[in-house]
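Here are the chains, one letter per residue:
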Amino acid sequence: MSALSHYDVILAPVITEKSSAASEANQVIFKVRRDATKPEIKAAIEKLFGVKVLAVNTLTRKGKTKRFRGLKGRQQDVKKAIVKLAEGDKIDVTTRI
């Protein structure tokens, strides 16, 4: 791993209705660093949670332009990783890392 610890790669779990529905299909969604690669994400998840990862899919949500009191601002881009776990493995995202 390139000078990043596993805790630096995985930032937070995504807890939404859609991610709860994905958990029924043995998938977990995490917010990750924007420069993290799929092999780095896979290694971090396997090391931190002690599970077997079958696949990692990533997506980058571009930041939105917002206005606050007439001033224009831009949100940061967010990278998410959808992690498919092996049958029988489970991650409880409600507990702390």
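Residues numbered from 1 in each chain as written. Predicted model: local features only at pLDDT ≥ 70, side-chain atom pairs only at ≥ 80, totals over all residues. Heavy atoms only, no water.

Let us now look at the overall build of the chain. Looking only at helices and strands, one finds three helices and six strands in the chain. Each helix and strand of the chain, placed in order from N terminus to C terminus, yields the pattern α-β-α-β-α-β-β-β-β. Seen through its C-alpha atoms, the chain measures out along the principal axes to roughly 50 × 35 × 25 Å. Long-range contacts, defined as pairs at least 24 residues apart, comprise 58% of the intrachain contacts of the chain with a sequence gap of at least 6. For the chain, the accessible area works out to roughly 6,900 Å², and carbon and sulfur atoms hold 50% of it. (Helix = DSSP H or I, 4+ residues; strand = E, 2+ residues; numbered from the N terminus. Contact = heavy atoms within 4.5 Å. Areas by Shrake-Rupley, 256 points an atom, 1.4 Å probe, with all protein chains shown as cover.)

Further remarks concern the sheet that holds strand β2 (residues 27-32). The antiparallel open sheet is built from four strands, whose spatial order is β1-β2-β6-β3. The two strands at the open ends of the sheet, each matched to only one other strand, are β1 (10-13) and β3 (53-61). Direction aside, neighbouring strands of the sheet carry axes that sit 30° apart on average. Pairing of β3 with strand β6 (residues 78-85), which is carried by eight bridges, proceeds in the antiparallel orientation. (Pairing = 2+ DSSP bridges. Axes fitted to C-alpha atoms, helices over the stretch in contact; angles between N-to-C directions.)

Positive charge collects at one region of the surface, where K31, R61, K64 and K66 lie side by side. In this fold, K66 is placed in strand β4 (residues 65-68). (Patch = residues over 30% accessible without salt bridge, like charges linked within 9 Å, V, L, I, M, F, W, Y side chains within 5 Å. Salt bridge = Lys/Arg side-chain N within 4 Å of Asp/Glu carboxyl O. Lys, Arg positive; Asp, Glu negative; His and termini not counted. Charge placed at Lys NZ, Arg CZ, Asp CG, Glu CD.)

One finds I10, F30, I41, I45, V83, L85 and I91 to be the most contacted residues of the largest nonpolar core, which totals 16 residues. Those elements giving two or more residues to this core turn out to be β2, α3 (38-49), β3 and β6. When neighbours within four sequence positions are excluded, V83 is seen to be in contact with N26, Q27, V28, F30, I45, V53 and A55. (Core = buried A, V, L, I, M, F, W, Y, C linked by side-chain atoms within 4.5 Å. Buried < 20%, exposed > 50% of the residue type's maximum accessible area, 1.4 Å probe, protein only.)

With that out of the way, let us pick up the environment of K80. Within the secondary structure, K80 is located in strand β6. With relative accessibility at 26%, the residue K80 sits in the partly exposed group. In sequence terms K80 and P13 are 67 residues apart; their C-alpha atoms lie 9.2 Å from each other.

This paragraph deals with the pairing of β4. By the bridge criterion, four bridges tie β4 to strand β5 (residues 71-74) in an arrangement that is antiparallel. Each bridged residue has a counterpart across the sheet, and for K66 the counterpart in β5 is G73. The loop that links β4 with its antiparallel partner β5 comprises two residues; one of these, R69, has a positive phi angle of about 55°.

Time to look at unusual backbone geometry. Phi is positive for N26, which is not a glycine, with a value near 65°. Turning to its location among the elements, N26 is positioned in the loop between α2 (17-23) and β2. The class for N26 is buried, based on a relative accessible area of 18%.

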